[in-house]
Amino acid sequence: MELIDDFPARPLDPAACFNQHGDPSGDGASATSFRGPVAVVLPAGGCGERMGLSTPKQFCKLLDRPLISYTIHAFERMKWIEVVIVVVAEQHVELIKSIIQKYNHRKTQWCVGGLTRHRSIFNGLSVFVDDKFLECHLTKPKVVIIHDAVRPFVNEDILLKIATAANDHGAAGAIRPLVSTVIATNSEHFLDHSLERSKYRASEMPQAFLFDTIYKAYQKCTEYDFEYGTECLHLVLSNCNTQAKLIEGPPTLWKKPFPKMSMLLQMWIKKLCS
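The model shown is predicted, which means the values in this text are computed figures rather than measured ones. (Residues numbered from 1 in each chain as written. Predicted model: local features only at pLDDT ≥ 70, side-chain atom pairs only at ≥ 80, totals over all residues. Heavy atoms only, no water.)

Caption draft 1: Quick look at the pairing of strand β1 (residues 38-43). In terms of burial, β1 is a largely internal element, six of the six residues being buried. Every second residue of β1 is oriented toward a common face, with Val38, Val40 and Leu42 on one face and Ala39, Val41 and Pro43 on the other, all of them buried. Looking at chain direction, β1 and strand β6 (residues 143-146) are connected through four bridges and run parallel. By the bridge assignment, Ala39 is partnered in β6 with Val144. Relative to strand β4 (residues 83-88), β1 runs parallel, the two sharing five bridges. From the neighbouring strand, Val40 faces β4, where its bridge partner is Val84. (Buried < 20%, exposed > 50% of the residue type's maximum accessible area, 1.4 Å probe, protein only. Helix = DSSP H or I, 4+ residues; strand = E, 2+ residues; numbered from the N terminus. Pairing = 2+ DSSP bridges.)

Caption draft 2: Examining helix α5 (residues 156-169) more closely. In this model, α5 (14 residues) spans 20 Å end to end at C-alpha, consistent with the 20 Å of a helix rising 1.5 Å per residue. Of all 14 residues in α5, ten are buried; the element is thus mostly enclosed. All buried positions along α5 are accounted for by Glu156, Ile158, Leu159, Leu160, Ile162, Ala163, Thr164, Ala165, Ala166 and Asn167. Its side-chain oxygen placed 2.8 Å from the backbone nitrogen of Asp157, Asn155 serves as the N-cap of α5. Looking one or two residues past α5, Gly170 carries a phi angle of roughly 100°, positive in sign. (Expected span 1.5 Å × (residues − 1). Polar contact = N/O pair within 3.5 Å; in protein donor to acceptor, adjacent residues only side chain to side chain.)

Caption draft 3: Inspection of the nonpolar core at higher detail. Among the nonpolar cores identified, the biggest contains 36 residues, and Ile68, Phe75, Trp80, Ile81, Val86 and Ile145 are the most heavily contacted of them. Contributions of two or more residues to this core are made by β1, α2 (67-76), β4, α3 (93-102), β6, α5 and β7 (171-177). The element contributing the most residues to this core is α5, with seven residues. Residues Leu138, Ile146, Val236 and Cys240 belong to the second largest nonpolar core, which totals 30 residues. (Core = buried A, V, L, I, M, F, W, Y, C linked by side-chain atoms within 4.5 Å.)

Caption draft 4: Spotlight on the packing of aromatic side chains. Taken as a whole and judged by the stated rule, the model has seven aromatic pairs. When the ring of Phe128 is compared with that of Phe211, the centres are 5.7 Å apart and the planes differ by 80°; the resulting orientation is edge-to-face. Here Phe128 is found in the loop between α4 (117-126) and β6, whereas its partner Phe211 is found in helix α6 (residues 211-219), with 83 residues between them in sequence. Taking 4.9 Å as the distance between ring centres and 45° as the angle between the ring planes, the aromatic pair formed by Tyr224 and Tyr228 counts as tilted. One end of the pair is Tyr224 and the other is Tyr228, both in helix α7 (residues 223-228) and four residues apart, which spans about a single turn. Accessibility assignment for this pair places Tyr224 and Tyr228 in one class, exposed. Members of the aromatic cluster, each reached through a chain of ring pairs, are Phe122, Phe128, Phe211, Tyr215, Tyr218 and Phe226. (Phe/Tyr/Trp six-rings, centres within 6.5 Å; stacked < 30°, edge-to-face > 60°.)

Caption draft 5: A look at the environment of Asn186. Tracing the sequence through the fold places Asn186 in the loop between β8 (183-185) and β9 (191-194). Judged by relative accessible area, which is 26%, Asn186 ranks as partly exposed. Looking at Asn186, its side chain comes within polar contact range of the main-chain nitrogen of Glu188, at 3.0 Å. Within polar-contact distance, the side chain of Asn186 engages the backbone nitrogen of Phe190 at 2.8 Å.

Caption draft 6: A look at the side chain of Ser69. Along the chain, the position of Ser69 falls in helix α2. Polar side-chain contacts of Ser69 include one of 2.8 Å to the side chain of His105.

Caption draft 7: Representation of the sheet that holds β6. Taking strand neighbours across the sheet as the criterion, the seven strands line up as β5-β4-β1-β6-β10-β7-β11 in an open arrangement whose pairing is mixed. Both edges of this open sheet fall to β5 (108-112) and β11 (245-248), since each of them pairs with a single strand only. Strand-to-strand twist in this sheet, taken as the mean axis angle between neighbours without regard to direction, amounts to 25°. When β4 meets β5, the two strands line up parallel, connected through five bridges. Pairing of Val86 across the sheet is with Trp110, part of β5. Sitting on the sheet, α5 touches β6, β7, β10 (201-210) and β11, and the angle it makes with β10 is about 60°. Contacts between α6 and the sheet are confined to β6 and β10, with β10 contributing the most and set at about 110° to the helix. (Axes fitted to C-alpha atoms, helices over the stretch in contact; angles between N-to-C directions. Contact = heavy atoms within 4.5 Å.)

By themselves, these are just geometric observations and shouldn't be taken as functional.
Here you go:
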């Protein structure tokens, strides 16, 4: 029941989420409606090494459907999102093409990613400014949302808040309280110190940006950034001096273990079809 409550009926038009004062869902948040194309970039180039899978987890089937298809559908069903760009490794191009065709993902395009997460995201952004990445021309979005391909439980309410905050501030992202205490070790592998958990938050997905801001940040990336960086919000802070608005997200933003993911998907689908 708790999960179902996290997925209320969602309007297809973002304007319906704003009251007469311009606040999303009437919760007093400082946000305004915006006009302009909104796009999504889903980096999906992972190879499943950390989970020890022969098939990357984004392509593993849950309820006889690849996990990434659920994530794509979660964005495609939102009327205000114009296009979803899935970034995949070259060896999975034919697989993602077959998924897009089989599950009738009409808003979705694909492009080949890089060897690291940041390189893949940059390729996904580049499709809007360089025609070599796609066979068709796409309109450059005003706001771009970056999300993980393995997180299908994206709540439209939080997504609207993050996209609107990005429009107002240049960047925005979801956060969650830390579950575990973070500790630091010394060179001899003894405890050095621990962080006060109440002062810190876990950075989650989705994140959203003004397109020109995040694209400029990637253009300024160093080789070290491309090779070892993972945090897009920090990238726009260091390269564009843009401070991200942080928004508390629901528990469903966490990545789930596969057994629990299957159970949640069954409940989610039941709710969507009711």
